[in-house]
Amino acid sequence: MQSADQAPQAAAPDGKSNGQGLAGRRVLVTGASSGLGEHFARLCAANGARVAVAARRRERIDALTESLIGSAGVDAAGFSLDVTDRESVDACVAGVVERFGGIDVLVNNAGISGAGPALDQERDTFDQVIDTNLRGVWATALAAAESMRREGTGGSIVNIASILGFRQATGLAAYSVSKAGVVQMTKALALEWARYGIRVNGLAPGYFETEINSGFFETEAGEKMMKRIPMRRLGRLEDLDAPFLLLAGDGSAFMTGTILTVDGGHVLSTL
Ligand SMILES: NC(=O)c1ccc[n+]([C@@H]2O[C@H](COP(=O)([O-])OP(=O)(O)OC[C@H]3O[C@@H](n4cnc5c(N)ncnc54)[C@H](OP(=O)(O)O)[C@@H]3O)[C@@H](O)[C@H]2O)c1
């Protein structure tokens, strides 16, 4: 077996590292048609990465791809992806590998909330949430890691978990179960794949206003929830930038199986 100091590390094509270690890296962002995923894709492009963006809403993916290509010197490509469909995942990853020659960084971000009281929901809501947030993350991680192992250059996988992977909230039972699974999956795969130089880390955001929760923060429940955040505000997308770049790039070269919480202290709220 390979020892840790022999494990491959992804290197920029010129063999050098910029500050974030993303220059020239080939990045796939799932769920890039809105919210956090779109933000991560733009951030990676701004840091010199070649970016593949994927989701189901193809028109949004095409618009984002065009906008990325419009920025000076950015190489970007768009792909259709339904993470609940294994064939779609495999085809997307194969398409990125064909287009870029490999994948260095996977941002495993696609997710849905399936919000609602457990007893009042359609029974298949639970399945949809698990299929997207857990099975989808698993299938995409495996497809990308197979390519990284084949190439032998290692890589970085960033799973987007949630503070609901550690705590729970009324009406988000399936979501909490799925994100707790993502936390444990991150650690389990980190343990298995360190020998290939593949690091697997997680980002656990608190509350950021996006399409997944739009409207909630204007409700009475949303306002009450915000008062329980120790820093008394929602996250701003740019609050995720430094933690995300740390995990995606070379700054975390000796970190794997770590979950970084970015939540204004929300997970600490008093019981
Ligand atoms: N916003 C928050 O406060 C917050 C907090 C913690 C964690 N998160 C996590 O952050 C991630 C992004 O969420 P967001 O807040 O940015 O919400 P969002 O704007 O609703 O984005 C979700 C993304 O996931 C994609 N997606 C959903 N189902 C998919 C499927 N079957 N296949 C492929 N893509 C799929 C959506 O694209 P299409 O519909 O086009 O497929 C969309 O691009 C999620 O994993 C979420 O759980 C968010």
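Residue positions are given per chain, counting from 1 as you read along its sequence in written order. Only residues with pLDDT of at least 70 are given local features in this predicted model, and only at 80 or more are side-chain atom pairs given and counted; all residues enter the totals for whole chains, interfaces and linings.

1. Focus on helix H3 (residues 86-100)
Residues separated by three or four positions in an α-helix point in the same direction, a consequence of the helix having 3.6 residues per turn.
Inference 1: Helix and strand assignments follow DSSP, with helices taken as H or I runs no shorter than four residues and strands as E runs no shorter than two, numbered in order from the N terminus. Expected span of a helix, by definition, is 1.5 Å for each gap between consecutive residues, and there is one gap fewer than residues. The end-to-end C-alpha distance of H3 is 21 Å, a good match for the 21 Å that 15 residues give at a rise of 1.5 Å each.
Inference 2: Here a residue counts as buried when 20 or more other C-beta atoms fall within 10 Å of its C-beta, as exposed when 12 or fewer do, and as partly exposed in between; the C-beta atoms come from the backbone. Residues Val89, Cys92, Val93, Val96 and Val97 constitute the buried set of H3. Considered in projection along H3, the buried side chains sweep an arc of 135° and stay on one side of the axis. Facing away from the buried side of H3, by more than 90 degrees, are the exposed residues Glu87 and Glu98.
Inference 3: Of the surrounding secondary structure, the elements contacted by the buried residues of H3 are strand S1 (26-30), strand S2 (50-55), strand S3 (76-80) and helix H4 (124-151).
Inference 4: Gly101 occupies a position one or two residues after H3 and carries a positive phi of about 90°. This arc describes the spread of directions from the helix axis toward the C-beta atoms. Contact between two residues is assigned whenever their backbone-derived C-beta positions fall within 7 Å.

2. Quick word on H4
Inference 1: The end-to-end C-alpha distance of H4, which contains 28 residues, comes to 38 Å, matching closely the 40 Å that a straight helix rising 1.5 Å per residue would cover.
Inference 2: A residue's bend is given by the angle between axes fitted to the 7 residues ending at it and the 7 residues starting at it. Along its length, H4 reaches its greatest deviation from straightness, about 35°, at Asp131.
Inference 3: Looking at the residues trailing H4, positive phi occurs at Gly152, about 75°.

3. Structural notes on the packing of H4 against helix H5 (residues 173-193)
Inference 1: With axes taken as lines fitted to C-alpha atoms, and helix axes fitted only over the stretch in contact, angles between N-to-C directions fall between 0 and 180 degrees. Between H4 and H5, the least distance of the axes is 9 Å, while the angle of their chain directions is 15°. With respect to H5, the element H4 is oriented roughly parallel. Of the two elements, H4 crosses H5, and the hand of that crossing is right-handed. Contact with H4, carried on its side by Thr125, Phe126, Val129, Ile130, Asn133, Leu134, Val137, Trp138, Ala141 and Ala145, involves Ala174, Tyr175, Ser178, Lys179, Gly181, Val182, Met185, Leu189 and Trp193 of H5 and no other residues of that element.
Inference 2: By residue class, the composition of the contact of H4 with H5 is 14 nonpolar, 4 polar and 1 charged. Each angle receives one of four descriptions, namely roughly parallel if under 35 degrees, roughly antiparallel if over 145, roughly perpendicular if within 65 to 115, and oblique otherwise. For any helix crossing, the convention is left-handed if the near helix is rotated counterclockwise from the far helix by under a right angle, and right-handed if that rotation is clockwise. The classification used treats Ala, Val, Leu, Ile, Met, Phe, Trp, Tyr, Cys and Pro as nonpolar, Asp, Glu, Lys and Arg as charged, and all other residues, Gly among them, as polar.

4. Quick look at the pairing of S2
Inference 1: In terms of residue burial, S2 counts as a mostly covered element, since 6 of its 6 residues are buried.
Inference 2: Alternating residues of S2 divide into Arg50, Ala52 and Ala54 and Val51, Val53 and Ala55, and every residue in both groups is buried.
Inference 3: At least two bridges found by DSSP between two strands are what make those strands a pair. Relative to S2, S1 runs parallel, the two being bridged by 5 bridges. Among the inter-strand pairings, Thr30 is bridged to a residue of S2, identified as Ala54.
Inference 4: Where S2 lies against S3, 5 bridges are found, and the strand directions are parallel. Bridging across to S3, Ala54 finds its partner in Phe79.
Inference 5: Running through helix H2 (residues 58-70), the crossover from S2 to the neighbouring parallel element S3 is right-handed. With its strands directed away from the observer, a crossover is right-handed exactly when the path from the first strand over the helix to the second travels clockwise.

5. Some words on the site of the ligand
Inference 1: For the ligand, the set of nearby residues contains 30 residues, the closest of which are Gly31, Gly35, Arg56, Arg57 and Gly111.
Inference 2: Every element with two or more residues in the shell around the ligand is listed here: helix H1 (35-46) and H4.
Inference 3: When residues of the shell around the ligand are assigned to their parent elements, the largest contribution, 3 residues, is made by H1.
Inference 4: The residue inventory of the shell around the ligand, partitioned by class, reads 12 nonpolar, 14 polar and 4 charged. Nearness here has a simple definition: the residue's C-beta atom, placed using the backbone, must lie within 6 Å of the molecule or strand.

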